[in-house]
Amino acid sequence: SGYNQHDAQEFMRFLLNELHEEINKADVKGRKSPGDNESLQEACDRYLTWEDSKISELFSGMLRSEVCCSVCEHRSVVFDPFMDLALPIPILKSTLSRFSSYYPTSYDTVKLDACMQVFTKEETLDEEERPYCNNCNNLTKSTKQLSIAKLPKFLVIQLKRFSGYSVRSKLSTPVEFEERWEICDNSGKTHAYSLYGIACHSGGIYGGHYTAYCKYNKQWRCFNDSYAVAKNWDNVKCQEAYILFYEKIDND
């Protein structure tokens, strides 16, 4: 990845995918395309016909994407699997400096729930983003909204700190997260998760350093290159988190 600083998330996806492919029990030749407005159960059954491993069992969830045509109000629902969620960080207040091209840009603290709210917020699809409406038989201005239909046993959250192509930048916005996090699926059911790992990145887009925090036997430890030290929660929650690792602790 050269000098790219977002390689931790790319490596995580690569590792999970490679492990999954090695132990995938499904017949990959029998893959089926998603149907329009299929049910969640139909989507899960379809997914299992070509992605069936311990990795997918533990890490895979389902996103529900609903697109509504503004002309005829036709609604199209599609379910897509995910192994991690990339949540945008809402920008509340800029403190941009003249060195922003080389150093992270910082903003007011936001909560993890606020990141999820931005991720699931309804967006308008217009101009070049207009989707094809099967009812109108044309490209139409529409709205799109994502929601979580099925949550996995292990939920991996990536905070989108790195962005941009022609203008690259990193958000150093502090994101407030908790050891116990409750999240709702699109049916309104609440699921409880316990934080067990954090990947942190310090520095900017042209240079930085990764550290990890892991919880073992109720004790947090910081792993920094060749050494590991015990940490209390007050030290851990103040870190500039990049990837959060949660485990479901409810009984469903």
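Heads up: the structure comes first, above all this text.
A short tour of the structure in this document, coming up.

What counts and what doesn't
Residues numbered from 1 in each chain as written. Predicted model: local features only at pLDDT ≥ 70, side-chain atom pairs only at ≥ 80, totals over all residues. Heavy atoms only, no water. Pairing = 2+ DSSP bridges. Helix = DSSP H or I, 4+ residues; strand = E, 2+ residues; numbered from the N terminus. Axes fitted to C-alpha atoms, helices over the stretch in contact; angles between N-to-C directions. Patch = residues over 30% accessible without salt bridge, like charges linked within 9 Å, V, L, I, M, F, W, Y side chains within 5 Å. Areas by Shrake-Rupley, 256 points an atom, 1.4 Å probe, with all protein chains shown as cover. Salt bridge = Lys/Arg side-chain N within 4 Å of Asp/Glu carboxyl O. Lys, Arg positive; Asp, Glu negative; His and termini not counted. Charge placed at Lys NZ, Arg CZ, Asp CG, Glu CD. Phe/Tyr/Trp six-rings, centres within 6.5 Å; stacked < 30°, edge-to-face > 60°. Buried < 20%, exposed > 50% of the residue type's maximum accessible area, 1.4 Å probe, protein only. Arc of directions from axis to C-beta. Contact = heavy atoms within 4.5 Å. Disulfide = S-S within 2.5 Å.

## Description of the sheet that holds strand 8 (residues 142-150)
Argument step 1. Strand order in this open sheet of 4 strands is 2-1-8-5, and the pairing throughout is antiparallel. With partners counted over all chains shown, the strands left at the sheet margins are strand 2 (75-82) and strand 5 (123-125), one partner each. This sheet shows a mean twist of 30 degrees between the axes of neighbouring strands, independent of strand direction.
Argument step 2. Of the pairings in the sheet, the one linking strand 1 (residues 61-69) to strand 2 comprises 8 bridges and is antiparallel in character. Note that in strand 2 the partner of Ser65 across the bridge is Val78.

## Here's the deal with a negative patch on the surface
Argument step 1. Where like charges cluster on the molecular surface, the negative patch consists of Glu122, Glu123, Glu127, Glu128 and Glu129.
Argument step 2. Take Glu127: it is sitting in the loop between strand 5 and strand 6 (132-133).

## Some words on the packing of aromatic side chains
Argument step 1. On inspection of all chains with the given rule, the structure shows 9 aromatic pairs.
Argument step 2. Judged by centre distance (5.5 Å) and plane angle (75 degrees), the ring pair of Tyr47 and Trp50 falls under edge-to-face. Each member of the pair, Tyr47 as well as Trp50, is classed as buried.
Argument step 3. Measuring from ring centre to ring centre gives 6.3 Å for Tyr210 and Tyr242, while their planes differ by 35 degrees; the resulting arrangement is tilted. Highlighted residues: Tyr210 in strand 15 (residues 208-216) and Tyr242 in strand 18 (residues 241-248), separated in sequence by 32 residues.
Argument step 4. Assessed through its relative accessible area of 24%, Tyr210 is described here as partly exposed.
Argument step 5. Put simply, the rings of Phe59, Phe154, Tyr196 and Phe245 pair up and form one aromatic cluster.

## Quick notes on the pattern of salt bridges
A side chain with one charge can pair with a side chain of the opposite charge if their charged atoms come near.
Argument step 1. On inspection of all chains with the given rule, the structure shows 10 salt bridges.
Argument step 2. In this structure, the salt-bridge partner of Glu182 is Arg180, at a minimum N-O distance of 3.2 Å.
Argument step 3. Taking the relative accessible area as the measure of exposure, Glu182 reaches 45% and is therefore partly exposed.

## What to know about unusual backbone geometry
Argument step 1. Of note, the phi angle at Glu127 is positive, near 55 degrees, even though the residue is not glycine.
Argument step 2. For Glu127, a relative accessible area of 54% corresponds to the exposed category.
Argument step 3. Even without glycine at this site, Asp225 takes up a positive phi of about 55 degrees.
Argument step 4. If you trace the backbone, Asp225 turns up in the loop between strand 16 (219-224) and strand 17 (227-231).
Argument step 5. Since its relative accessible area comes to 69%, Asp225 is described here as exposed.

## Regarding the pairing of strand 13 (residues 180-184)
Argument step 1. Because side chains alternate across strand 13, one face comprises the buried residues Trp181 and Ile183, and the other comprises Arg180, Glu182 and Cys184, none of which is buried.
Argument step 2. Adjacent in sequence and paired antiparallel, strand 13 and strand 14 (residues 190-203) are bridged by 5 residues, among which Gly188 carries a positive phi angle near 95 degrees.

## Remarks on helix 2 (residues 40-48)
Argument step 1. Within helix 2, burial applies to Ala43, Cys44, Arg46 and Tyr47. On an axial view of helix 2, the arc spanned by its buried residues comes to 160 degrees, and they lie on one face.
Argument step 2. Looking at the packing, one finds that the buried side of helix 2 touches helix 3 (54-59), strand 1, strand 2 and strand 8.

## Some words on the state of the cysteines
Argument step 1. Applying the stated criterion across every chain yields a total of 0 disulfides.
Argument step 2. Its sulfur unpaired, Cys136 is 3.5 Å from the next cysteine sulfur, which belongs to Cys72.
Argument step 3. With no disulfide of its own, Cys222 lies 7.8 Å from the sulfur of Cys200, the closest cysteine sulfur.

## Topic: the side chain of Gln9
Argument step 1. Here Gln9 lies in helix 1 (residues 7-23).
Argument step 2. Look at Gln9 and you get buried, because its relative accessible area is 8%.
Argument step 3. Filtering out sequence-adjacent residues up to four positions away, Gln9 remains in contact with Asp84, Gln158, Tyr242 and Ile243.

From the geometry alone we can't say anything about function, so treat these as descriptive.
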